[in-house]
Amino acid sequence: MPRPPLSLKARAVGYLSRREHSRAELARKLAPHAESAEQLEQLLDSLERENWLSNARFAESLVHRRASRYGAARVMQEARTHQLDAEQLAELQTRLRATELERARAVWQKRFGVAPATLEDKARQIRFLAARGFSQAVIGRLLRDADLPGDSGDE
């Protein structure tokens, strides 16, 4: 016997019980199942009032999931797609920038662990870190620090 379709709120709570969602992301997922845009907005407002849905918690979750592997630029790009407000984005960017060098060092150490021996190695390491969203300033400082034991850092 087929199960009756889930209510809109049951679907929302199901999504939110698996992981945090931004309001925009949850709205996108629920839209095909809503009878009207008004119904969807009322449900989202209700979920926020009941503290089931929180963009602030979503931002924390995003940082927790992504920051250990990606730079500030990459995490911020993803955060912007979730339509967080400007204040949340600014605070998130400040927090990410404050720890970017340490996070870049950890990613670099795990992937490479040794200073580049050739210009090709250096270029490969730079491309890898840049693709992960780390800033050029952080990459430059990280590779300069990595060069210290082996040579003077002059190119």
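Residues numbered from 1 in each chain as written. Predicted model: local features only at pLDDT ≥ 70, side-chain atom pairs only at ≥ 80, totals over all residues. Heavy atoms only, no water.

## Observations regarding the environment of Q77
Then step 1. Looking at the secondary structure, you find Q77 in helix α5 (residues 72-81).
Then step 2. For the pair Q77 and G133, spaced 56 residues apart in the sequence, the C-alpha separation amounts to 9.1 Å. (Helix = DSSP H or I, 4+ residues; strand = E, 2+ residues; numbered from the N terminus.)

## Observations regarding the side chain of Q88
Then step 1. With respect to the helices and strands, the residue Q88 is situated in helix α6 (residues 86-111).
Then step 2. Residue classification places Q88 among the buried positions, given a relative accessible area of 17%. (Buried < 20%, exposed > 50% of the residue type's maximum accessible area, 1.4 Å probe, protein only.)

## Digging into the nonpolar core
Then step 1. Grouped together as the largest cluster of nonpolar side chains are 14 residues, with contacts concentrated most on A79, L84, L92 and L96.
Then step 2. Elements that contribute at least two residues to this core include exactly α4 (55-66), α5 and α6.
Then step 3. Look past the residues within four positions of L96 in its chain and what remains in contact with it is V63, A67, A72, V75, M76 and R103.
Then step 4. Residues L101, L129, I139 and L143 belong to the second largest nonpolar core, which totals 13 residues. (Core = buried A, V, L, I, M, F, W, Y, C linked by side-chain atoms within 4.5 Å. Contact = heavy atoms within 4.5 Å.)

## Side note on the UniProt feature "coiled-coil region" (unreviewed entry) in the protein chain
Then step 1. Here the UniProt feature "coiled-coil region" (unreviewed entry) sits at residues 30-57.
Then step 2. Secondary structure within residues 30-57 divides into 61% helix and 0% strand; the distance between the first and last C-alpha atoms comes to 19 Å. (UniProt positions renumbered as here; feature names shortened; annotations may be inferred.)

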